[in-house]
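Structural overview
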Amino acid sequence: MVDKLIAQHITAHAELFREGEAGDSAYIIESGRVEISLLRDGHKVVIAELGPGDLFGEMALVSDGTRSATATALEETRVAAIHRSQLDAAMDDADPVLKLFMRVLLERFHEASEKLHGHGSTARHPASEAYREDLDRAVENLHLRDELQRALQQREFVLYYQPIVELISGRIAGFEALIRWQHPERGLVGPFEFIGFAEKHGLIGGIGNWVMDEACAAAQRLAISLGDNSDSAPFITLNVSALQLDEEGFIDRAGRSLDQAGVDPQRIKFEMTESLLLDDPERAAAQLAEVKMLGVRLALDDFGTGYSSLSYLHRYPFDTLKIDRSFVMTMLHSSDSMEIVRCILGMAQGLMLDVVAEGIENEDELSLLANLDCTYGQGYHFARPLPEAEAFALLRR
Ligand code: C2E
Ligand code: CA
Ligand code: CA
């Protein structure tokens, strides 16, 4: 957790810190002995004698208060110092609930030790700013977890659909399903506010299953509504988190979504981001091969933002690359972005992959991409993500 501890040598009888001083470090004794004492009515009161492995001065890590005791080396002593900033950095990454527990426990401990040593006020300290923030975040998170679970039961999620367009003809080739949360008080909540959280707290499996069920059912509704033309019905692409793939029984569950909807798997495409390929490329390749056996197609989402090497792409059974929005957005002004887009398109052609450019917002971006032989695009220029009925109605225009 705390990566770099700073070793310090203290000569016999030297003080590490003195009661009443400001402090910002705690210490772990590696060798030697340390005496902890207080000054009461002019007399030294020894409250502890510590040896190797003991930790002291820890209150300085959590409060800006002053040292409540004096630490003196009894002999030649070696300690490892932990600075408050090191703990803060580690705490920043910690789970908010864990963080809150830490603060509460340390605060109680502080109060108890003050009472015990009979100095200072036993009254509760006004809660610090940091403590308040941690408390708010922890409570918010506890709520969000419950709320997301409830949302799943109460069917508060909805899928919006954004058309994916063939650039030369303007024909709608498919739709990307994008989740929204119809929150009873907050209104429509976007995925950035809960998908990452759901992934972190083990809720993405349930949400992901709902997305698969719903997107497959919508794809079938669409095919049926198009009647005789159903052979050329647009595909539906849905986002699958890398964590979902790791869940026991994912393939069976996905197969069930397809069967229940009665949809032709060819009409369904799963989008996954590069993060999937980073940890364990071999395992990812095996998992993706299994997904392909379902008969669905695969797209690599947000392409260009991760670290996977272009030359490795042929190892994976992707059908489509989606060029990340950040390149499309800057391509007109940045020759670097332009080169990346050109390079992705060239390579995709070699690998016989379809390419979808994401985030097309204007005519200039559209014509540039069309000139570069990019086949498909998606973006506000064509349409924003829309409720199902509105999105599918675009087909009749
Ligand atoms: P994404 O998969 O990259 O989805 C595209 C995002 O770009 C969508 O944001 C879409 O509304 C937005 N977008 C589309 N065209 C434009 C444009 O022209 N300009 C700009 N500025 N933005 C555009 P959205 O719907 O907020 O989704 C955000 C992310 O949340 C998605 O990024 C995806 O990673 C995740 N997500 C959405 N739905 C699901 C889901 O059902 N499951 C999972 N696991 N993740 C989802
Ligand atoms: Ca996507
Ligand atoms: Ca994307």
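Residues numbered from 1 in each chain as written. Chains lettered and ligands numbered in written order. Predicted model: local features only at pLDDT ≥ 70, side-chain atom pairs only at ≥ 80, totals over all residues. Heavy atoms only, no water.

Along its length, the protein carries 14 helices and 18 strands. Taking 2.2 N^0.38 as the reference for a compact globule, 397 residues should give roughly 21 Å; the C-alpha atoms of the protein span a radius of gyration of 30 Å, well beyond that estimate. By residue count, 46% of the 397 residues in the protein fall in the buried class. Across the protein, contacts joining residues at least 24 apart in sequence account for 69% of those joining residues at least 6 apart. (Helix = DSSP H or I, 4+ residues; strand = E, 2+ residues; numbered from the N terminus. Rg over C-alpha atoms; globule rule 2.2 N^0.38 Å. Buried < 20%, exposed > 50% of the residue type's maximum accessible area, 1.4 Å probe, protein only. Contact = heavy atoms within 4.5 Å.)

By the alternation rule, side chains of strand E15 (residues 320-323) split into Thr320 and Lys322 and Leu321 and Ile323, which are all buried. Of the pairings in the sheet, the one linking E15 to strand E16 (residues 354-357) comprises four bridges and is parallel in character. Counterpart to Thr320 in the pairing with E16 is Asp354. (Pairing = 2+ DSSP bridges.)

Here we take up a negative patch on the surface. A surface patch of like charges, here negative, comprises Glu129, Glu133, Asp136 and Glu140. Counting through the fold element by element, Asp136 comes out in helix H4 (residues 129-153). The partly exposed category is assigned to Asp136, whose relative accessible area is 44%. (Patch = residues over 30% accessible without salt bridge, like charges linked within 9 Å, V, L, I, M, F, W, Y side chains within 5 Å. Areas by Shrake-Rupley, 256 points an atom, 1.4 Å probe, with all protein chains shown as cover. Salt bridge = Lys/Arg side-chain N within 4 Å of Asp/Glu carboxyl O. Lys, Arg positive; Asp, Glu negative; His and termini not counted. Charge placed at Lys NZ, Arg CZ, Asp CG, Glu CD.)

For the rest of this paragraph, the subject is the coordination of the calcium ion (ligand 2). In the first shell of the calcium ion (ligand 2), the protein supplies Glu176 (OE), Asn239 (OD1), Glu271 (OE) and Asp301 (OD), at 2.1 to 2.3 Å from the metal. All donors of the calcium ion (ligand 2) belong to a single chain; written as a sequence motif, their spacing is E-x62-N-x31-E-x29-D. In this structure, the calcium ion (ligand 2) lies 3.9 Å away from the calcium ion (ligand 3), the two metals sharing Asp301 as a donor. Within this pair, whereas Asn239 is found in strand E12 (residues 235-239), its partner Glu271 is found in strand E13 (residues 268-273), the two being separated by 32 residues in sequence. In this structure Glu271 comes out as buried when scored by relative accessible area, which is 2%. (Donors = N, O, S within 2.8 Å, 3.2 Å for Na, K, Ca; no water.)

A few words on unusual backbone geometry. The phi angle of most residues is negative, glycine excepted, and most peptide bonds adopt the trans form. In this structure, Arg155 is a non-glycine residue whose phi angle is positive, near 55°. Tracing the sequence through the fold places Arg155 in the loop between H4 and strand E9 (157-166). Located in the positive-phi region is Asp302, a residue other than glycine, with phi close to 50°. Secondary-structure assignment places Asp302 in strand E14 (residues 297-303).

How big an interface is tends to be reported as the loss of accessible area on association of its parts. Here the protein is partitioned into domain 1 (6-93) and domain 2 (156-396). Just the C-alpha atoms count here: the centres of domain 1 and domain 2 sit 56 Å apart. (Domains from an automatic or database assignment.)

Before going further, it helps to examine the environment of Ala357. The topology assignment puts Ala357 in strand E16. Separated by eleven residues in sequence, Ala357 and Gly346 have C-alpha atoms that sit 14 Å apart. In this view, Ala357 contacts Ile323, Val328, Leu369, Cys374, Tyr376, Gly377 and Gln378; residues no more than four positions away in its chain are not counted.

In this section: the coordination of the calcium ion (ligand 3). Within the protein, the calcium ion (ligand 3) binds to Asp301 (OD), Asp302 (OD), Glu358 (OE) and Glu358 (OE); these donor distances fall in the range 2.1 to 2.6 Å. For the calcium ion (ligand 3), the donor residues sit on a single chain with the sequence spacing D-D-x55-E. Judged by its relative accessible area of 6%, Asp301 is buried. Residue classification places Asp302 among the partly exposed positions, given a relative accessible area of 25%.

Moving on to the side chain of His201. In this structure, His201 sits in the loop between helix H5 (195-200) and helix H6 (204-225). For His201, a relative accessible area of 13% gives the class buried. If we ignore the near neighbours within four places in the chain, the residues touching His201 are Asp95 and Arg145.

This paragraph deals with the site of ligand 1. As a structural note, the neighbourhood of ligand 1 is formed by 21 residues, with Gln162, Arg180, Asp301, Glu361 and Tyr380 the closest of them. A distance of 3.0 Å separates a nitrogen atom of ligand 1 from a polar atom in the side chain of Gln162. In this structure, Arg325 approaches ligand 1 through a side-chain N or O atom, which is 3.0 Å from an oxygen atom. Against a free-state accessible area of 800 Å², the protein chains account for coverage of 86% of ligand 1. Counting residues per element, the ones that place at least two in the shell around ligand 1 are strand E10 (172-183) and E14. (Near = heavy atom within 4 Å. Polar contact = N/O pair within 3.5 Å; in protein donor to acceptor, adjacent residues only side chain to side chain.)

Looking now at helix H10 (residues 281-293). Residues spaced three or four apart along an α-helix face the same direction, because each turn holds 3.6 residues. Along its 13 residues, H10 runs 19 Å from first to last C-alpha, staying within 8% of the 18 Å computed at 1.5 Å per residue. Regarding H10, the residues found buried are Ala284, Gln287, Leu288 and Val291. End-on view of H10: buried residues confined to an arc of 100°, all on one side of the axis. Every exposed residue of H10 that faces more than 90 degrees away from the buried side is listed here: Glu282 and Met293. Buried residues along H10 sit in contact with helix H7 (242-246), helix H8 (250-261), E13, helix H9 (275-279) and E14. (Expected span 1.5 Å × (residues − 1). Arc of directions from axis to C-beta.)

Our next topic: the sheet that holds strand E3 (residues 25-31). The strand order E1-E8-E3-E6 describes an open sheet built from four strands, whose pairing is antiparallel. Strands at the two margins of the open sheet, each flanked by one partner only, are strand E1 (6-10) and strand E6 (55-56). Bridging between E1 and strand E8 (residues 77-83) involves five bridges; their strand directions are antiparallel. Its bridge partner lying in E8, Ile6 is registered against Ala81.

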